[in-house]
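# Coordinates in review
In case you want the letters, here they are:
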Amino acid sequence: MSRIIVITSGKGGVGKTTITANLGVSLAQLGRKVALVDADFGLRNLDLLLGLENRVVYTAAEVIAGECPIEKALVKDKRQRGLVLLPAAQNRNKDAFKPEQMKELVSKLAQNYDYVLIDSPAGIEMGFRNAISAATEALIVSTPEIASVRDADRVVGLLEAEKIQKIRLIVNRLRPEMVQLEKMLSVEDILDLLVVPLIGVIPDDERVIVSTNRGEPLVLDERRPSLPAIAFKNLSRRLEGEEEVPFLDLLAAHDNLLTRIRRLFQS
Amino acid sequence: MINELLDKLFQRNVPLTSKEEAKQRLKLVIAHDRVQLNPGTLELMRKEILEVVSHYVEIDSKEMEFSLENDDRMSVLIANLPIRRIKKTLTTTTAIEETKKDRS
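About the cut-offs
- One numbering rule holds for all chains: residues counted from 1, following each sequence as written.
- To label them, take the chains in the order written and letter them from A, then take the ligands in the order written and number them from 1.
- Whole-chain, interface and lining totals are the exception, using all residues; otherwise, since this is a predicted model, local features are given only for residues with pLDDT of at least 70 and side-chain atom pairs are given and counted only at 80 or more.
- With hydrogens and water stripped out, all remaining heavy atoms of the structure feed into the side-chain values.
- Numbered from the N terminus, helices here are DSSP runs of H or I no shorter than four residues, and strands are runs of E no shorter than two.
- Here the term buried applies to any residue with accessible area under 20% of the maximum for its type, exposed to any over 50%, and partly exposed to those in between, with areas from a 1.4 Å probe on protein chains only.
- Contacts are assigned to residue pairs with any non-hydrogen atoms lying within 4.5 Å of each other.
- Surface exposure here means Shrake-Rupley accessible area, sampled with a 1.4 Å probe, where a residue is shielded only by the protein chains that are shown.
- Residue-level confidence of the predictor, termed pLDDT, takes values from 0 up to 100.
- In plain words, nonpolar cores are sets of buried Ala, Val, Leu, Ile, Met, Phe, Trp, Tyr and Cys residues tied together by side-chain atoms within 4.5 Å.
- A carboxyl oxygen of Asp or Glu within 4 Å of a side-chain nitrogen of Lys or Arg is what we treat as a salt bridge.
- We define a polar contact as two N or O atoms separated by no more than 3.5 Å, with the added condition that, inside protein, one atom must be a possible hydrogen donor and the other a possible acceptor, whereas residues neighbouring each other in sequence contribute only through side-chain atom pairs.
- In this classification, Asp, Glu, Lys and Arg are treated as charged, Ala, Val, Leu, Ile, Met, Phe, Trp, Tyr, Cys and Pro as nonpolar, and every other residue, Gly included, as polar.
- Every axis corresponds to a line fitted to the C-alpha atoms, with the helix fit spanning only the stretch in contact, and the corresponding angles, defined between N-to-C directions, vary from 0 to 180 degrees.
- By definition in this entry, angles of less than 35 degrees are roughly parallel, angles greater than 145 are roughly antiparallel, angles of 65 to 115 are roughly perpendicular, and the rest are oblique.
- We call a crossing left-handed when the near helix sits turned anticlockwise from the far one by less than a right angle, and right-handed when that turn is clockwise.
- Helix span, as expected, comes to 1.5 Å for every residue beyond the first.
- The arc in question is formed by the directions pointing from the helix axis toward the C-beta atoms.
- Grid points spaced at 1 Å over the protein atoms alone were grouped into cavities, where a 1.4 Å probe fits but cannot get out, and pockets, open sets with protein on both sides within 12 Å along at least five of seven lines, with lining residues defined by an atom within 4 Å of a point.
- Grid points are joined across faces, edges and corners, and a volume is the space filled by probe spheres set on the points.

### Concerning the overall build of chain B
In terms of helices and strands, chain B carries four helices and four strands. Listing the helices and strands of chain B from first to last along the sequence gives α-α-α-β-β-β-β-α. In chain B, which comprises 104 residues, the proportion classed as buried is 19%. Put simply, 56% of the contacts in chain B that link residues at least 6 apart link residues at least 24 apart. As presented, chain B carries roughly 8200 Å² of accessible surface, and 56% of it is formed by carbon and sulfur atoms.

In structure tokens, the structure reads:
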């Protein structure tokens, strides 16, 4: 049985696409066959983050219109075996499609792939409706910012109403040093508010931006492992069912004598 | 100067940290989002509940609280209505009749 998972957030710019790209690569690294679906019709970006933009010929739009078979539209990632991308159409808008068409598309992919990851557009309108229509699981992305958390809560409500059973939370762009100074919501604070099980915490890191500049997802770089890359890999192992994968101690990287003493007194 | 130092040392008069403030604000706004009640409806509900309760008892209107909160993704309406005294003159049945009269 293949798993169909939507990555969504409500608010834009919180890292859905980056997470989809890295999760796709790391699941493929674990030996899974993974299809990534860019559901952001009209504003596609997943191809860019994967560095596959020059190889896009056909898109989901042509497949839906019956102009080309789905196999022809899929872009294979040459760096990572088992990973393919179904690009979104760039010239049509989000309202041009219906949930039924998305369901048909995804069910075709589900026949040949272990995972179908759907990168949802921001917002809660038609594009979002289409993206979640075929999914049976959802990963909610939230940053530790007030607007993002609020929107995430709205989306959780909508997903629950759509009877999506497995909803889990990814906290993205955490800055441990700010959390320590109580200048940023902590993971625990966000869990308190949203009451959704946690599946991953990704620290904020400049290298994420550098990797998107190059179109090479961070997890591809096996020679220079970065903290976010390790977090992505742990996340995909948890997704695979390894519940006991521990969460990274993100504070360790910022620890010095002073903060340790301070923590000693606080506890 | 010394006062400030003492404040810091004993954590007196410290304003909420910005993350605490964010959390408090989020709690409130999320509670309202979840029930999808607009402030007008909430106010109307508050008035009506108060009206009914004041038929039976005298409420301390300064001390009362009326708020929406969340508990495990379940929204809860919390009304804290301190009672000053029970109204003696009314028995239960007459109170109900009076309410009905008011409504009609």
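### Structural notes on the confidence of the model for chain B
All names here are of chain B. Looking at chain B as a whole, the pLDDT averages 78, with 78% of positions reaching at least 70. Averaged pLDDT values for the elements of chain B fall to 59 in helix H4 (residues 92-103) and rise to 90 in helix H2 (residues 18-35). On the interface metric, ipTM, the complex scores 0.84, and its pTM is 0.82.

### Here we look at the nonpolar core
Generally speaking, soluble globular proteins have nonpolar side chains that are buried together. Residues and elements named next belong to chain A. Counting 55 residues, the largest nonpolar core has Leu86, Leu109, Ile118, Ile140, Val149, Leu159 and Leu194 as the members making the most contacts within it. For this core, the element with the highest residue contribution is helix H7 (residues 146-161), accounting for six residues. If near-sequence neighbours (up to four positions away) are discounted, Leu86 is found in contact with Leu36, Val37, Asp38, Ala60, Ile70, Ala73, Leu74, Leu105 and Leu109. Grouped together as the second largest cluster of nonpolar side chains are 35 residues, Val208, Ala229, Phe232 and Leu235 included.

### Considering unusual backbone geometry
Residues apart from glycine generally show negative phi values, whereas peptide bonds are mostly found in trans. Residues and elements named next belong to chain A. Even without being glycine, Arg173 reaches a positive phi, approximately 60°. Secondary-structure assignment places Arg173 in strand S7 (residues 166-174). Residue classification places Arg173 among the partly exposed residues on the basis of a relative accessible area of 33%. With a phi close to 50°, Val195 is a non-glycine residue in the positive phi region. Inspection of the secondary structure assignment puts Val195 in the loop between helix H9 (187-194) and strand S8 (198-203). When its relative accessible area of 29% is taken as the criterion, Val195 is described as partly exposed.

### As for the environment of Ser2 of chain A
Inspection of the secondary structure assignment puts Ser2 of chain A in the segment before strand S1 (3-8). With 109 residues separating them in the primary sequence, Ser2 of chain A and Gln111 of chain A have C-alpha atoms 7.5 Å apart.

### Digging into the interface of chain B and chain A
Note on interface size: it is often stated as the accessible area lost on association of the parts. Residue-level contacts link 15 residues of chain B with 18 residues of chain A. For the pair chain B and chain A, the number of links is five salt bridges. In this structure, Asp189 of chain A engages Lys19 of chain B in a salt bridge whose closest nitrogen and oxygen atoms are separated by 2.9 Å. On the surface where chain B and chain A come into contact, there are seven residue pairs in polar contact (both at pLDDT 80 or more). Partitioned by chemical class, the residues of the side of chain B that touches chain A number four nonpolar, three polar and eight charged.

### Structural notes on the packing of helix H1 (residues 16-29) of chain A against helix H11 (residues 227-239) of chain A
Residues and elements named next belong to chain A. In the contact formed by H1 and H11, the axes pass within 9 Å of each other and the chain directions differ by 65°. Comparing the axis directions of H1 and H11 gives the class roughly perpendicular. Between H1 and H11 the crossing geometry is right-handed. The segment H1 lies against H11, with Ile19, Asn22, Leu23, Ser26, Leu27 and Gln29 engaging Phe232, Lys233, Leu235, Ser236 and Leu239.

### Some remarks on helix H5 (residues 99-110) of chain A
All names here are of chain A. The terminal C-alpha atoms of H5, which comprises twelve residues, lie 16 Å apart, in line with the 16 Å expected from a rise of 1.5 Å per residue. Buried within H5 are the following residues: Pro99, Met102, Leu105, Val106 and Leu109. One face of H5 carries all of its buried residues, which in axial projection span an arc of 125°.

### Re empty space enclosed by the protein
Residues and elements named next belong to chain A. Taken as a whole, this structure holds three cavities of 30 Å³ or more when the rule is applied. Reported here for the largest cavity is a volume of approximately 60 Å³. Ala39, Phe41, Ile64, Lys94, Phe97, Lys98, Met102, Leu105, Gly127 and Asn130 together form the lining of the largest cavity. When residues of the lining of the largest cavity are traced back to their parent elements, those giving at least two are H5 and helix H6 (126-133). By residue class, the composition of the lining of the largest cavity is six nonpolar, two polar and two charged.

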